[in-house]
Structure formats: C-alpha cells, structure tokens
Amino acid sequence: MRLSVKRAAVLLLTLFGACTLTTLYQVLICPGKAPRRYMRSILVRNSNQTQYRYNQNTPMVFVGGVPRSGTTLMRAMLDAHPDIRCGEETRVIPRILSLRQGWGRQTEERWALEDEGVSQEMLDAATTAFLLEIIARHGEPAPLLCNKDPFTLKSAVYLSRIFPNSKFLLMLRDGRASVHSMISRRVTITGFNLSSYRNCLTKWSNAIEVMLSQCMAVGQSRCMTVRYEDLVLQPRATMQGVLHFLNSPWHEGVLHHEEAIGQPGGVSLSRTECSTDQVIKPVNLEALTRWVGHIPADVQQDMESIAPMLRRLGYNPNANPPDYGQPDPEVINNTQRVLRGDFKTPTSLKGWAQVSPKGGRN
Amino acid sequence: MRKQTCNVLLVCGIISSITVFYLGLSTIECPTARSRAAQHRWAVNLHAGRNLSDPLQIPEEYNEETPLIFVGGVPRSGTTLMRVMLDAHPLVRCGEETRVIPRLLAMQASWSHSARERIRLDEAGVTDEVLDSAVRAFLLEIIVGHGEPAPRLCNKDPFTLKSLSYLSKLFPKAKFVLMLRDGRATVHSMISRKVTITGFDLTSYRDCLVKWNRAVEVMYDQCLAAADGNCLPVHYEQLVLYPEQVMRKLLRFLDLPWDTAVLHHEKLIGKAGGVSLSKVELSTDQVVKPVNTEALSKWVGKIPADVLNDMASLAPMLSRLGYDPLANPPNYRKPDLLSLNNTK
C-alpha cells in the first residue's frame, strides 16, 4: 500500500518536473518583449573611404544647456578633437523631441494613438531612426558622434533611454551673463521676452532647473555639468575632465580649436549661427563679465527671488560680478591677442548675419 | 518520522511543480514566437491556394525602394472604405490611420516653405538629402511597425496626400490613391457627424466648402503632376456604384493580382491578414457594412439655400472634378465620371 502510493507520488513528481522544465525552457528562450523588427544601421563613408556604422547603441554625446551658456564653444572644442564630431545645431532635433513628447503625454491623443496601433515603443523606434539619420549624416563621420542643440538637454532622460550608450554635457553659466548675451545680441528664443531682463532671468532659471534635474536623473556616470566660467578660465583642466568623462584620449588640439576651423576632421561652423563670430577666436575671457552694469537696478535687487537657480548653481546673486576663478596664463594670452584684433571673422563666414536676424531658435 | 518528512517533501515538491507549471502557462506566450508563428501560418496560407508564378514575398528590408501605397484625400471622401477594401486583399496591409505621419509631413512642409529656414538648415549640414533620409526612416518605422507584415504595405492618413510630391520623392516606387468625392457630400458628412478637422469650421457649410475646395485642389494638382502616372484619382461614387470595375482598374494600377476578397471586406474584419479597425475612427461603424450606396445623396436638402446659390464660385473644384455644382444631386451614374484618368 505504502509502496504504491510512494511510487505514484514519485511518478507524478517526475511528470510535473518534466512539464516545469519544458515551460521554463520556453520562458527562457522567449526574449520577453518582442524585439524591434529590424535594427536600423547607418553606414557612412568619410573622405578617406573609411566606413563607419552607426546604430542606436553607438556611443554618442549630447551637448546642451540654456542658449548663450557656452554650448557652441564646448562643441567647437570637442570638434577640434580628431575622434569627435559634433557639427552645427541641427535645429530639427529639438522640434522632433517636442513632437514626440506631445504624443507621450497622458492625454486622449495617446490613447487614440494606441487604439490606432501606434504604440509608444513604435514612436520611440521612429524617433530614434530620425535622430540617428540627422546626427550621423549632417556632418563628417567620426568614432564618437556628438550633437549640440541646446534644448535637447530638456529631454536628457528620454534620450538616455533611446540611446543606451549616450552621454550628456550640460553647460552651466551665470544666468545674468546668459541673459545679457541674448538681449544684447538679440537672440530670439521661444518664450524669452528680449525686452525684459526680469522675464528672461525667470525663464532662464526655469529652463536650467529642468535641465539640471534631467541631468541628475540620468546620473553622474552619464551626465556631466560643465561651468562655462571654468571652461574659459581653466580650459586645460576642464577639458581634461570632459575627455576623461567621455573616455576619449587627451588631444592638445582641443585647446586650439580656432586652428581647426573649416578643416577636415575639424570644426564646421554655420554662417547663420550667432555664436560663429565668437568661436572663431581662441578661448578667451571677453564675455565673462560683460553683463556687469547692464542689469536694471530693480532687477538686481530682486535677483535672488527672480532667479533662484543662481544660488543653487553656486553663483552669488548679490555679487556683481562674483569671483569666477583664476585664469590660466594661456587664456590671458589669448584674450590679449583677441583684444589686439588678431581674430577677425573670415569673409567666408561673414555676410549671412545681415541676411537674417541673428540666431532665431526654439 | 523519516517517512513523514519524506511525504511532506514529496507533497511540497508536487505543489511547487504545479505552481511553476501554471505560472509558465499563464505568462503570456512569447509574443515574438506567436507573431512569428502567425506570420509563418499566414504566409503559408498565402501561397497555399495561389497559382502565382512569382509569389510576392514579404521583403527582408524596407527602404526607399519599397513600393508603398499611400491612400488619402479630404477626410469623409471614402478613404477608409478604400483602405479596408485594399486590406481585404491578401497581399496588402494598410491598417488604421497613424495620426503621426501627417504631423511630421506638415512639419517638414513648413521647414521647406520658409526660405530662411532652408538656408539655416543647409548651413547646419541638414540638407534636403539628410532631412529626406530622416523623414523616410521615421515613416518606414511607423508604416512597417504598426500592423501585420505584408508584401505590399500601405498607409492611409487622409492629409498625407497634401505632401504627395514630397512622398513620391522619398519613395520613387510608391503609388498613390487619391479619393475624390462630391464636396457637398463630404462637407455634409463632416458637419452632420461632427468630425473635427483642423481649419474646418463645422458651423458653416460655406467655410467647409471653401476649405474642401482648397484642400482637394492641392491634392488633385499634385496627383495629376505625379511622376510616371503614379497617382490614381478614384471617385467615391464610382467605387460604391461599380465596385468591381473600379477595383479591377485599381489593382491593375497597383500591380496586384485580382482577388474577389476585396469586394467582401466585411467578411475579413478582425481576421489575420484581413481588416483591422480602430474604435477611435469615425468611419468604423460604416465600413463594418459591405460596400453600399447609403451615403451617396444624404447631403441633398441639407445645404443652406444661399450656399447652394453660390456653389459654383465657392467650390470651383466641383465642376473640375466632374460634379455639376447646380445639380442637387448630380447623376452619379453618368459615364463621364467613370473615366478614372481625369486629365482636366
């Protein structure tokens, strides 16, 4: 009696064990989520006929920040590195990202899309494909691709997800300097009222707050903040930190980006970007404290409450200006050469500023 | 004592195996396995009863050579009917409206119409070529991804045909089907069914007719100008009155073999390889029925008298497309409208 019960139990056990093993096997071979139908790969050839293959897993760098925070300087210095290519602002990438964001918000539109068979994953795949084509094709290929559109850092978390091996550089700058720059140079930016320092400072504070929180959410290992003031005062140390963060070898050329302008493998500039006339010059201190004395007194008084991010970022809102740090001798030398008039905008890069109003970005 | 623990262990073992077994069953069957299996089954059925000397294969890769089919027109012109009839064809898959494709195309159109923006983009290295490859990549991901695979993929978003010329540049082998309909019927449909369309004021027949006129003109001109005659205008009235004739001509135009399934799309709703409908779309309740002529003249008597008087000047496209602006209704069975190669 006992023997047959035991045997029956053992038999049942082995039967269920076999079933368990087969189901486990099926579950294991199943990759879980349905993989994308096809992994888009882009092949680009450079002038030496070297082929580069890019896909969504390619390591990539996104440079951004509030406009007028040294984003163009940073990308120009990176462009001077032979292994890195950023290129000009694409202008279209922030627009696609904003379109994508609209389709993802928890609204009727999102449910309508799901009903039509357009899932969020599909939108991600389509957005990734679009971005990859633009980034890979709008400039020369290079081992490390980079993109600089200032407002992309508002979508850093999203970008970090669709490009799993991407890194981010968030440029920080004293908001008073950024705002003075956009107002004095008449750089149109959506949402910024260029006739009011108060409005622009408020908008600056809001924008940088969003970008900083995105940067922190992405995490230290993938998002690095760089102060513009550090970059111009101590370029060598700052760039060493940046290249280390990007796992790129040091290259002296990044400290002399002005020599690589228009060169193959160097820095490509756009005649319609408003920072062009500045980045043709070597790293210098001209723009560091230009804002001092230009901010209306009433705004200066309320500075702390208008732009709370100033203090949070380490800029004393009541110091005009704060002590940003000590300049390297190289930079002092550069600044003297610039003030002497050694660097004039070449004719090949001039002329477009008169055709259209400076800047104009959203 | 030992026997008791042994039995307890045995029971525990059995219980845990049962649990894992049922867990394994209940975790959704591997989606890829299922879709791949469904794909395989469907492809097998495809070739089973067909005497095709060159069976159309599901392409391995999708790129600018892909022979896509784009169906469009002013909304409420029979675009959904057309796409479900095509969906009923075993080799074609259109699927629901994507909604996102017209938005991207509209964005691209605004960039390309502004000379200043074009200069800025060119300076940034974002040339037409670069932008085109990006838009193409986006479109392919959406079109390919949002439904079952098929040898001929198709997309129906009514306003995409406002960018007909651009789409034909992106996809040189694509074919376009422009649905045309008596503007009065179209406008009556959108007003009576309250179909919100950007730019159309649903409280005014006059405004809607003017907007219809503008929209259909833009699309019709591009259709006539399409390279290699890759665009076929199809009159909705002809489609519902003489479906077999129209569909035969259409399938020939699309280089597709004839299949009677296209005349009985209502039988394939919700089936694999058939017609997928969306709860959100307003035409769904109509296309679940077989092809019928119910909606042909519903508009008669509903248009305000003053609008009727000014009809010819409000909507000159009516007569250009072969609809008599003063007849309420025109005789849709007239042979003129049968001619689908309208070169007016």
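Residues numbered from 1 in each chain as written. Chains lettered and ligands numbered in written order. Predicted model: local features only at pLDDT ≥ 70, side-chain atom pairs only at ≥ 80, totals over all residues. Heavy atoms only, no water.

Visitor: Just give me the short version of the overall build of chain B, but keep the residues and values in it.
Guide: Along its length, chain B carries 15 helices and 5 strands. A buried classification covers 52% of the 344 residues belonging to chain B. Pairs at least 24 residues apart make up 77% of the contacts formed inside chain B by residues separated by at least 6 positions. Put simply, chain B shows about 15,700 Å² of open surface, and 55% of that area lies on carbon and sulfur atoms. (Helix = DSSP H or I, 4+ residues; strand = E, 2+ residues; numbered from the N terminus. Buried < 20%, exposed > 50% of the residue type's maximum accessible area, 1.4 Å probe, protein only. Contact = heavy atoms within 4.5 Å. Areas by Shrake-Rupley, 256 points an atom, 1.4 Å probe, with all protein chains shown as cover.)

Visitor: Tell me what's going on with the sheet that holds strand S2 (residues 92-93) of chain B, and back it up with residues and numbers.
Guide: All names here are of chain B. Taken together, 5 strands build an open sheet; the order of strands is S2-S3-S1-S4-S5 and the sheet is parallel. With partners counted over all chains shown, the strands left at the sheet margins are S2 and strand S5 (231-235), one partner each. Of the strand pairs in this sheet, strand S1 (residues 69-73) and strand S4 (residues 175-180) are connected by 5 bridges, and their pairing is parallel. Each bridged residue has a counterpart across the sheet, and for Phe 70 the counterpart in S4 is Phe 176. In this fold helix H9 (residues 205-224) packs onto S1, S4 and S5, with an angle of close to 140° to the strand it touches most, S4. (Pairing = 2+ DSSP bridges. Axes fitted to C-alpha atoms, helices over the stretch in contact; angles between N-to-C directions.)

Visitor: Could you give an account of the environment of Thr 80 of chain B, naming the residues involved and the relevant values?
Guide: You can see Thr 80 of chain B is positioned in helix H3 (residues 79-87). Taking the C-alpha atoms as reference, Thr 80 of chain B lies 20 Å from Asn 213 of chain B; in sequence the two are 133 residues apart.

Visitor: Which residues make up the nonpolar core, and what are the values?
Guide: Of all hydrophobic cores here, the largest spans 200 residues; its most connected members are Leu 78 and Phe 130 of chain A together with Leu 86 of chain B. When neighbours within four sequence positions are excluded, Leu 86 of chain B is seen to be in contact with Ile 69, Val 71, Val 92, Cys 94, Met 247, Leu 250, Leu 251 and Leu 254 of chain B. (Core = buried A, V, L, I, M, F, W, Y, C linked by side-chain atoms within 4.5 Å.)

Visitor: Quick one: what's the story with the packing of helix H7 (residues 175-184) of chain A against helix H8 (residues 197-218) of chain A, residue by residue and with numbers?
Guide: Residues and elements named next belong to chain A. Where H7 meets H8, the closest approach of the two axes is 10 Å, and the angle between their N-to-C directions is 125°. Comparing the axis directions of H7 and H8 gives the class oblique. Here H7 runs over H8; the crossing is right-handed. Residue-level contacts link Gly 175, Arg 176, Ser 178, Val 179, His 180, Met 182 and Ile 183 of H7 to Tyr 197, Cys 200, Leu 201 and Trp 204 of H8. In terms of residue class, the contact of H7 with H8 is made up of 7 nonpolar, 3 polar and 1 charged. (Parallel < 35°, antiparallel > 145°, perpendicular 65-115°, else oblique. Left-handed = near helix turned anticlockwise from the far one by under 90°. Nonpolar A, V, L, I, M, F, W, Y, C, P; charged D, E, K, R; others polar.)

Visitor: Give a detailed account of helix H5 (residues 120-137) of chain A, specifying residues and quantitative values.
Guide: Over its 18 residues, H5 of chain A runs 26 Å from end to end, which matches the ideal 26 Å to within 8%, given 1.5 Å per residue. Across the 18 residues that make up H5 of chain A, a large majority, 16, are buried. (Expected span 1.5 Å × (residues − 1).)

Visitor: Tell me what's going on with the state of the cysteines, and back it up with residues and numbers.
Guide: Residue and element names in this part refer to chain B. All chains considered together, the criterion is met by 4 disulfides over all chains. Across the disulfide, Cys 94 is cross-linked to Cys 154 (sulfur-sulfur distance 2.0 Å). Residues Cys 94 and Cys 154 share a disulfide whose torsion about the S-S bond is about 95°; that sign makes it right-handed. Within this pair, whereas Cys 94 is found in the loop between S2 and helix H4 (100-113), its partner Cys 154 is found in strand S3 (residues 152-156), the two being separated by 60 residues in sequence. (Disulfide = S-S within 2.5 Å.)

Visitor: Could you give an account of the sheet that holds strand S4 (residues 84-85) of chain A, naming the residues involved and the relevant values?
Guide: Picture the strands of a sheet paired through backbone hydrogen bonds; they go either parallel or antiparallel. All names here are of chain A. Within the open sheet, the 5 strands sit side by side as S4-S5-S3-S6-S7. Their pairing is parallel. Single-partner strands in this sheet number two, and they are S4 and strand S7 (223-227). Relative to strand S5 (residues 144-148), strand S3 (residues 60-65) runs parallel, the two being bridged by 4 bridges. Looking across to S5, one finds that Val 61 is bridged to Cys 146. Across the sheet, helix H2 (residues 71-79) is in contact with S3, S4, S5, strand S6 (166-172) and S7; its angle to S3 comes to roughly 155°.

Visitor: Can you lay out the side chain of Asp 132 of chain B for me, pointing to particular residues and giving the numbers?
Guide: Residue and element names in this part refer to chain B. Relative to the helices and strands, Asp 132 resides in helix H6 (residues 128-145). Owing to a relative accessible area of 9%, Asp 132 belongs among the buried residues under this scheme. One polar contact links Asp 132 to Tyr 166, side chain to side chain, over a distance of 2.8 Å. Setting aside chain neighbours within four positions, we find Asp 132 in contact with Tyr 166, Lys 169 and Leu 170. (Polar contact = N/O pair within 3.5 Å; in protein donor to acceptor, adjacent residues only side chain to side chain.)

Visitor: With reference to specific residues and values, describe helix H10 (residues 235-245) of chain A.
Guide: All names here are of chain A. When H10 is considered as a whole, its buried residues turn out to be Pro 235, Thr 238, Met 239, Val 242, Leu 243 and Phe 245. Each buried residue of H10 sits inside an arc of 155° when the element is viewed along its axis, so together they form one side. Residues of H10 that are buried make contact with H2, S4, S6, S7, helix H9 (228-233) and helix H15 (329-340). Just beyond H10, the residue with positive phi is Asn 247, at close to 55°. (Arc of directions from axis to C-beta.)

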